[in-house]
Amino acid sequence: MKTFAVLLLFLIPYTCFSQEETPYRIDGNNIVVSKVIDDIDANSDEIYIRAKSYFARAYVNSNAVLQTDNRETGTIIGKGLYMDLASYNLGVWRFKAYHFLRVDIKDGKARIICSASTIMPYTKSTDEYEYSIIDHYPITDKRNKWATKGSQKKAFENLINNMQHSVDALGESLKKGGTLNIEQEEW
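1. With respect to the overall build of the protein chain
Piece 1. Counting its regular elements, the protein chain contains five helices and nine strands.
Piece 2. Its helices and strands taken in sequence order, the protein chain reads α-β-β-α-α-β-β-β-β-β-β-β-α-α from the N to the C terminus.
Piece 3. Out of the 187 residues belonging to the protein chain, those deemed buried represent 37%.
Piece 4. Put simply, 55% of the contacts in the protein chain that link residues at least 6 apart link residues at least 24 apart.
Piece 5. Surface accessibility of the protein chain: about 12100 Å² in total, with carbon and sulfur atoms responsible for 51%.

Written as structure tokens, this is what we have:
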């Protein structure tokens, strides 16, 4: 009985103060979602082609999206835009954020990093302005002067979800080939 009581005393603080692992981390001024995939059944050249196929399909104009495309080093970096992360003021104002999606390639594996540093409230008729994600709610208690904390929190959560989706989708594309089934059929 005494052993059980002592064990219980050790477990209570652990369960009360344990923190959930966040799907993101802060790196400098950036919010980052990343993943390393070790089990890709392909060499670096094949993985490179799969990554390029992903960017071609996931973005409207992959040539405009690609910021870095270096086959020798195995690095591809694309810049994209997540629209309509949240809205406020009866839907007149919305949030959007640019993100960078990077893939570093080696034989049989890849590292995928998605990062964002600013978020932008916008309307159809108003000029945009950017502010640092890590300087505002929910990272700090400071909020955008025009938006509610609730809308800023929702925009942040949707940004993280979109970043996680991009990382997962690129990872699946690298594992499965990044091509349509019809492209692999004999013709």
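2. Comments concerning the pattern of salt bridges
Piece 1. Counted by the stated rule, this structure contains ten salt bridges.
Piece 2. The shortest N-O distance in the salt bridge between Arg-71 and Asp-45 comes to 3.8 Å. Residue Arg-71 is found in the loop between β3 (66–70) and β4 (75–82), and its partner Asp-45 is found in helix α2 (residues 44–58); the two are separated by 26 residues along the sequence.
Piece 3. On the basis of relative accessible area, Arg-71 is assigned to the partly exposed category, the value being 41%.
Piece 4. Residues joined by salt bridges that share partners form a network here, namely Arg-102, Asp-104 and Arg-111.

3. Digging into the side chain of Thr-118
Piece 1. If you trace the backbone, Thr-118 turns up in strand β8 (residues 118–122).
Piece 2. Sequence-distant contacts of Thr-118, that is, excluding residues within four places in its chain, are made with Ala-97, Tyr-98, Glu-130, Tyr-131, Ser-132 and Ile-133.

4. Notes on the packing of α2 against helix α4 (residues 149–176)
Piece 1. Where α2 meets α4, the closest approach of the two axes is 8 Å, and the angle between their N-to-C directions is 135°. Between α2 and α4, the interaxial angle falls into the category oblique. Handedness of the crossing formed by α2 with α4: right-handed. Judged by residue contacts, Ile-47, Arg-50, Ala-51 and Tyr-54 of α2 engage Ser-166, Ala-169, Leu-170, Ser-173, Leu-174 and Lys-175 from α4.
Piece 2. Broken down by class, the residue content of the contact of α2 with α4 amounts to six nonpolar, two polar and two charged.

5. Let's talk about the nonpolar core
Piece 1. In this structure, Phe-55, Phe-95, Leu-101, Val-103, Met-163 and Leu-174 are the most contacted members of the largest nonpolar core, which totals 41 residues.
Piece 2. When residues of this core are assigned to their parent elements, the largest contribution, eight residues, is made by α4.
Piece 3. Among all residues touching Phe-55, those that are not within four sequence positions of it are Ser-62, Val-65, Leu-66, Ile-76, Gly-78, Leu-101 and Val-103.

6. Notes on the confidence of the model for the protein chain
Piece 1. When pLDDT is averaged along the protein chain, the result is 84; 84% of the residues meet or exceed 70.
Piece 2. Of all secondary-structure elements in the protein chain, the lowest mean pLDDT belongs to helix α1 (residues 2–17), at 40, while strand β7 (residues 109–116) reaches the highest, 98.
Piece 3. Every residue in residues 1–19 scores below 50 in pLDDT, and together they form zero contacts with partners more than four places removed in sequence or on other chains.

7. Focus on the packing of aromatic side chains
Piece 1. Scanning the model with the defined rule gives five aromatic pairs in all.
Piece 2. Relative to Tyr-59, the ring of Phe-55 has its centre 5.8 Å away and its plane inclined at 15°; by these criteria the two rings are stacked.
Piece 3. Take Phe-55: its relative accessible area is 0%, and that puts it in the buried class.
Piece 4. With a centroid separation of 5.2 Å and 35° between ring planes, the pair formed by Tyr-88 and Phe-95 is classed as tilted.
Piece 5. Taking relative accessible area as the criterion, Tyr-88 reaches 6% and is therefore assigned buried.
Piece 6. On the basis of relative accessibility, which here comes to 0%, the residue Phe-95 falls in the buried class.
Piece 7. Through successive ring pairs, a cluster of aromatic residues spans Tyr-54, Phe-55 and Tyr-59.
Piece 8. Stacked on the ring of Tyr-98, the Lys or Arg Lys-79 has its end atom at 4.7 Å from the ring centre.

8. Brief notes about α4
Piece 1. Over its 28 residues, α4 runs 40 Å from end to end, which matches the ideal 40 Å to within 8%, given 1.5 Å per residue.
Piece 2. Looking at the residues trailing α4, positive phi occurs at Gly-177, about 120°.

Thresholds applied
Counting restarts for each chain: residues are numbered from 1 in the order of the written sequence. Local features in this predicted model are restricted to residues of pLDDT 70 or higher, and side-chain atom pairs are both shown and tallied only at a pLDDT of 80 or more, whereas totals for entire chains, interfaces and linings draw on every residue. Side-chain metrics in this entry use all non-hydrogen atoms of the structure; hydrogen atoms and water are not considered. Only runs of H or I of at least four residues qualify as helices and only runs of E of at least two qualify as strands under DSSP, and these elements are numbered from the N terminus. Buried, partly exposed and exposed residues are distinguished by accessible area as a fraction of the type maximum, computed with a 1.4 Å probe on protein chains only: under 20%, between the cut-offs, and over 50%, respectively. Only heavy atoms matter for contacts: two residues are in contact if any of them lie within 4.5 Å across the pair. A 1.4 Å probe and the Shrake-Rupley method give the accessible areas. Residues count as covered only by the protein chains that appear here. Salt bridges, as used here, are contacts in which a Lys or Arg side-chain nitrogen is within 4 Å of a carboxyl oxygen on Asp or Glu. Axis lines are fitted to C-alpha atoms, over the contacting stretch for helices. Their N-to-C directions set the angle, which ranges from 0 to 180 degrees. By the definition adopted for this analysis, an angle is roughly parallel if under 35 degrees, roughly antiparallel if over 145, roughly perpendicular if from 65 to 115, and oblique otherwise. Crossings are assigned a handedness: left-handed for a near helix turned anticlockwise from the far helix by less than a right angle, right-handed for a clockwise turn. Charged means Asp, Glu, Lys or Arg here, nonpolar means Ala, Val, Leu, Ile, Met, Phe, Trp, Tyr, Cys or Pro, and polar covers whatever is left, Gly included. Here, nonpolar core refers to any group of buried Ala, Val, Leu, Ile, Met, Phe, Trp, Tyr and Cys residues whose side-chain atoms link them within 4.5 Å. As a per-residue measure, pLDDT tells how confident the predictor is, with possible values from 0 to 100. Within 6.5 Å between ring centres, the rings of Phe, Tyr and Trp (the latter by its six-membered ring) count as paired, and their orientation is classed by plane angle as stacked under 30 degrees, edge-to-face over 60, tilted in between. Criterion for a charge above a ring: Arg CZ or Lys NZ at most 6 Å from the ring centre, at most 35 degrees from the ring normal. In a helix, the anticipated span is given by 1.5 Å times the number of residues less one.

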